[in-house]
Amino acid sequence: MKNKFIIFTILIFTQSLFAVDEILQTNIEKHVKFLASDELGGRLTGSVEGEIAARYIATEFESYGLEPLKDGSFLEPFEFAAPPKIGEFNRFEIQDKNQKLVIQKDFVPISFSNNDIVESEIVFVGYGVKSDARNSYKNIKVKDKIVMVLRGLPYNFPDSLQSLAALHYKSSEAREQGAKGIIYVTGYHNIDVLSDLVRFRPYNKNKDNAISAISISQKVAESILKKSKKSLKKLEDSLEKGSNSFVIKKSKVIIQTDLIRKNNLASNVVGIVKGTTKPNEAILIGGHYDHLGFGHFSSLSPNHVGEVHNGADDNASGTAGVLELARYFAQNPTERSIIFMAFSGEEMGLLGSKAWLKNSSFAKEKISAMFNMDMIGRLEENKLIVNGVGTSEIWESELNSRSEEYKLKLFLTKDGSGPSDYSSFYEENIPVLSFFTGVHEDYHTFEDDTEKLNFEGQFRTLKFIGEMLEFAGNYENDIPFTKYKSNDPHSGIAKTGFRVYVGTIPDYSYEGNEGMKLSGAKSGGPADKAGMQKGDFIISFNKREVKNIYDFMYAIQDCKPNKTVPAQIKRDGKILDLQVTPINKKQ
Ligand SMILES: [Zn+2]
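Residues numbered from 1 in each chain as written. Predicted model: local features only at pLDDT ≥ 70, side-chain atom pairs only at ≥ 80, totals over all residues. Heavy atoms only, no water.

Along its sequence, the protein is carved into domain 1 (39-82 + 263-474), domain 2 (86-259) and domain 3 (495-584). For domain 1 versus domain 3, the separation of C-alpha centres amounts to 32 Å. Counting residues at the interface gives 10 residues for domain 1 and 12 residues for domain 3. Taken over both partners, the interface formed by domain 1 and domain 3 buries close to 800 Å², and the fraction arising from carbon and sulfur atoms is 46%. The tally of links from domain 1 across to domain 3 stands at two salt bridges. For D507, the salt bridge goes to K383, with nearest N and O atoms at 2.9 Å. On the surface where domain 1 and domain 3 come into contact, there are three residue pairs in polar contact (both at pLDDT 80 or more). Of all the secondary structure elements, the ones that give two or more residues to the side of domain 1 that touches domain 3 are β18 (383-387) and β19 (409-412). Taken together, the residues that form the side of domain 1 that touches domain 3 break down as five nonpolar, two polar and three charged. (Domains from an automatic or database assignment. Contact = heavy atoms within 4.5 Å. Buried area = accessible area lost by both parts, 1.4 Å probe. Salt bridge = Lys/Arg side-chain N within 4 Å of Asp/Glu carboxyl O. Polar contact = N/O pair within 3.5 Å; in protein donor to acceptor, adjacent residues only side chain to side chain. Helix = DSSP H or I, 4+ residues; strand = E, 2+ residues; numbered from the N terminus. Nonpolar A, V, L, I, M, F, W, Y, C, P; charged D, E, K, R; others polar.)

The coordination sphere of the zinc ion contains the protein donors H288 (NE2), D314 (OD), D374 (OD) and D374 (OD), at a distance range of 2.0 to 2.7 Å. Because the angles between the four donor atoms bound to the zinc ion fall within 51 to 150°, the donor set is best described as irregular. (Donors = N, O, S within 2.8 Å, 3.2 Å for Na, K, Ca; no water. Tetrahedral: all angles 85-135°; square planar, octahedral: opposite > 155°, others 65-115°.)

The residue I283 is located in strand β15 (residues 278-288) in this model. In the structure, I283 is positioned 11 residues away from I272 in sequence and 9.8 Å away in space, judged by C-alpha atoms. Apart from the residues lying within four places of it in its own chain, the contact partners of I283 are R336, S337, I338, I339, S368, A369, L469, A472, G473 and I479.

Quick look at the packing of aromatic side chains now. By convention here, two paired aromatic rings are described through the distance between centres and the angle between planes. A full pass over the atoms with the stated rule returns 15 aromatic pairs. For the ring pair Y328 and F329, a centre distance of 4.9 Å and an interplane angle of 85° mean the geometry is edge-to-face. Taken together, a centroid distance of 6.4 Å and an interplanar angle of 65° make the contact between Y406 and F464 edge-to-face. In this pair, Y406 sits in the loop between α9 (395-403) and β19 while F464 sits in helix α11 (residues 455-474), placing the two residues 58 residues apart along the sequence. F464 shares its class with Y406; the two are buried. (Phe/Tyr/Trp six-rings, centres within 6.5 Å; stacked < 30°, edge-to-face > 60°. Buried < 20%, exposed > 50% of the residue type's maximum accessible area, 1.4 Å probe, protein only.)

With respect to the helices and strands, the residue T445 is situated in the loop between β20 (432-436) and α11. Note on T445: relative accessible area 4%, which makes it buried. For T445, the side chain forms a polar contact with the main-chain oxygen of D442, separated by 2.9 Å. Those residues in contact with T445, other than ones at most four positions away along the chain, are L300, S301, H309 and K522.

With that out of the way, let us pick up the packing of helix α2 (residues 25-35) against helix α3 (residues 48-64). Relative to each other, α2 and α3 sit at 155°, their axes nearing to 11 Å. Considering the angle they form, α2 stands roughly antiparallel to α3. On α3, the residues touching K30, H31, F34 and L35 of α2 are I52, A53, Y56, E60 and Y64. Across the contact of α2 with α3, the residue classes break down as six nonpolar, one polar and two charged. (Axes fitted to C-alpha atoms, helices over the stretch in contact; angles between N-to-C directions. Parallel < 35°, antiparallel > 145°, perpendicular 65-115°, else oblique.)

This brings us to the sheet that holds β20. The sheet built from eight strands is open, its strands ordered β1-β14-β16-β15-β17-β20-β18-β19 with mixed pairing. Every interior strand has two partners, whereas the edge strands, β1 (75-81) and β19, have only one. The average angle at which neighbouring strand axes cross in this sheet is 25°, direction not considered. Packing of α11 onto the sheet brings it into contact with β15, β16 (336-343), β17 (367-373), β18, β19 and β20, and relative to β17 it is tilted by some 175°. (Pairing = 2+ DSSP bridges.)

Glancing now at a negative patch on the surface. Together, E307, E441, E447 and D528 line one region of the surface with negative charge. Turning to its location among the elements, E441 is positioned in the loop between β20 and α11. (Patch = residues over 30% accessible without salt bridge, like charges linked within 9 Å, V, L, I, M, F, W, Y side chains within 5 Å. Areas by Shrake-Rupley, 256 points an atom, 1.4 Å probe, with all protein chains shown as cover. Lys, Arg positive; Asp, Glu negative; His and termini not counted. Charge placed at Lys NZ, Arg CZ, Asp CG, Glu CD.)

With that settled, consider the confidence of the model for the protein. When pLDDT is averaged along the protein, the result is 89, and 92% of the positions lie at 70 or above. This stretch, residues 488-497, has a pLDDT under 50; its non-local contacts, to residues over four places away or in other chains, come to 10 contacts. (pLDDT = per-residue confidence, 0-100.)

Right, let's get into the pattern of salt bridges. One pass over the full model with this rule turns up 24 salt bridges. In this structure, R378 engages D442 in a salt bridge whose closest nitrogen and oxygen atoms are separated by 2.9 Å. Highlighted residues: R378 in the loop between β17 and β18 and D442 in the loop between β20 and α11, separated in sequence by 64 residues. Its relative accessible area of 10% is what places D442 among the buried residues. Put simply, K517 and D507 hold a salt bridge, and the shortest N to O gap is 3.8 Å. Of the two residues, K517 is situated in strand β23 (residues 516-521) and D507 in the loop between β22 (504-506) and β23; the sequence distance between them amounts to 10 residues. Each member of the pair, K517 as well as D507, carries the same accessibility label: buried.

Bringing the environment of D572 into the picture now. Assignment of secondary structure puts D572 in the loop between β26 (565-571) and β27 (574-580). For D572, a relative accessible area of 75% translates into the label exposed. The spacing of D572 and K547 is 25 residues in sequence and 17 Å in space, taken between C-alpha atoms.

Counting 62 residues, the largest nonpolar core has F340, F371, W395, L399 and F435 as its most contacted members. In contact with W395, other than residues within four places in its own chain, are A369, F371, G388, V389, P431, V432, L433, M468, F471, A472 and I479. Counting 32 residues, the second-largest nonpolar core is a separate cluster that includes V118, I122, F124 and A165. (Core = buried A, V, L, I, M, F, W, Y, C linked by side-chain atoms within 4.5 Å.)

Turning our eyes to something else, we now look at the packing of α2 against α11. The geometry of α2 relative to α11 is characterised by a closest axis approach of 9 Å and an angle of 115° between their N-to-C directions. In terms of axis orientation, α2 runs roughly perpendicular to α11. Where α2 crosses over α11, the two elements pack in a sense that is right-handed. Contacts between α2 and α11 involve Q25, I28, E29 and V32 on the former and, on the latter, F455, E456, Q458, F459 and L462. (Left-handed = near helix turned anticlockwise from the far one by under 90°.)

Turning our attention to unusual backbone geometry. Residues D314 and N315 are joined by a peptide bond in cis, for which omega reads 0°. Within the secondary structure layout, N315 lies in helix α7 (residues 312-331). The backbone of L350 sits at a positive phi, close to 55°, despite the residue not being glycine. Following the sequence through the fold, L350 ends up in the loop between β16 and α8 (351-358).

Below you can see the structure in the form of structure tokens.
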């Protein structure tokens, strides 16, 4: 009797001490503060700091009582092609001058250059394009030569061919024509580029494009062109009228390129809470923990490359969500298992989620649904965007029936593919939902910091997501999958190149047709200078009526850089007339 009583009290005691029945805001804050601290260095995929973040997540998983899925470890490493680095042996020499030029000042290799030593005279080929509109290679032989091309395109080039401005395209065309090297020069029309040297951007393009490629400064370009009594400015003007290609006299140069390309390792962090009645089926909930490191690629604040890009919203917020939900569900399991996953490599192209699916530690066909959290820390006006709602017929009503309790205004989009890890799962015919509090001015800049987060909002958002997770984990039937194909003819529009930059930040959650709603204007950009603000609706631009973001994109296609155009905005019911001067979009 006595013993029984003791056991009974211990049970009550332990339960009241350890039972978790609440998601806690303080925990969310704690995780974000740590992950987005300067010490974590922006959590670049494959970096030491990224590894520290992974271990932190793994340690938390373990403390909650999650189980690993593979080899007894929460860390599931994968190999990826690391962005290239500039090696020691890069050289650019103008031969008859016997002049050795300085890397990062006079020249810089392009990240897709091969490693080679090439030597030849230079053929100037204008913009280096071959199309119906223009053939820079007509009547000129470039076989085994080094070509010099201008960045960008002439002003009057057709909209449909704007993609030919791409550096990568121009190098492929030059190679196609038999050239063994390509030199990029920035003309004077490109007024918005920060430097006349192409910034070395180590994308995740680990592959070289089988040609030596460098960018040189305007000063060096002028000194080379002078030998043919040409100047960059005059050439650029002449190219507005048509091709102008020629062999530059006495222009023998040597280019040596040396880029280090290596494979590297990074880890997804994966743990499971076993289901009570259907442990072999699982709902997977994840968020990427990697970010941009010090901004050497994908940074939208190019003047602050080298500073920590903390990524508090993107995506320490989602990672904190994964952690706090893991803690909660470890104590409150559902019928299905729940896999908690922090992805790496997202910013380099969904590398972590793709790698995991290729070699998954849980049977893919037994994953009933996938939830993704990417940027859930900046709830504003209670607007929560949920993507992927069209991927299962059961989502929409379940989402809508729960939102009010958490005072959330939902903006639902149907498409299962988009720029985050849920896309990888959707490709495997798994129903998905992705939660997102919206894009903002600090997105992918060095200013995406902890103090800008709305933790109270994230707390409500996370409780809402937790309820959806509980629903999915306990849903009695199989969760039906629907392949949702977007019928929107404009959906590919974001990929086309525009020649001008306006600096508007669209409010993607706005779905009406009253104009393009802004969630801000890039400070110092043309829209900002014109006086556009957050909350404004652009209702006409360059004399075109604008009902939505697509109309706006068409309207800017007709704009020329540095040419002022009229715009009308609606602010607080009033219509204002503004003048906007778009600038050249950098290539
Ligand atoms: Zn993200």
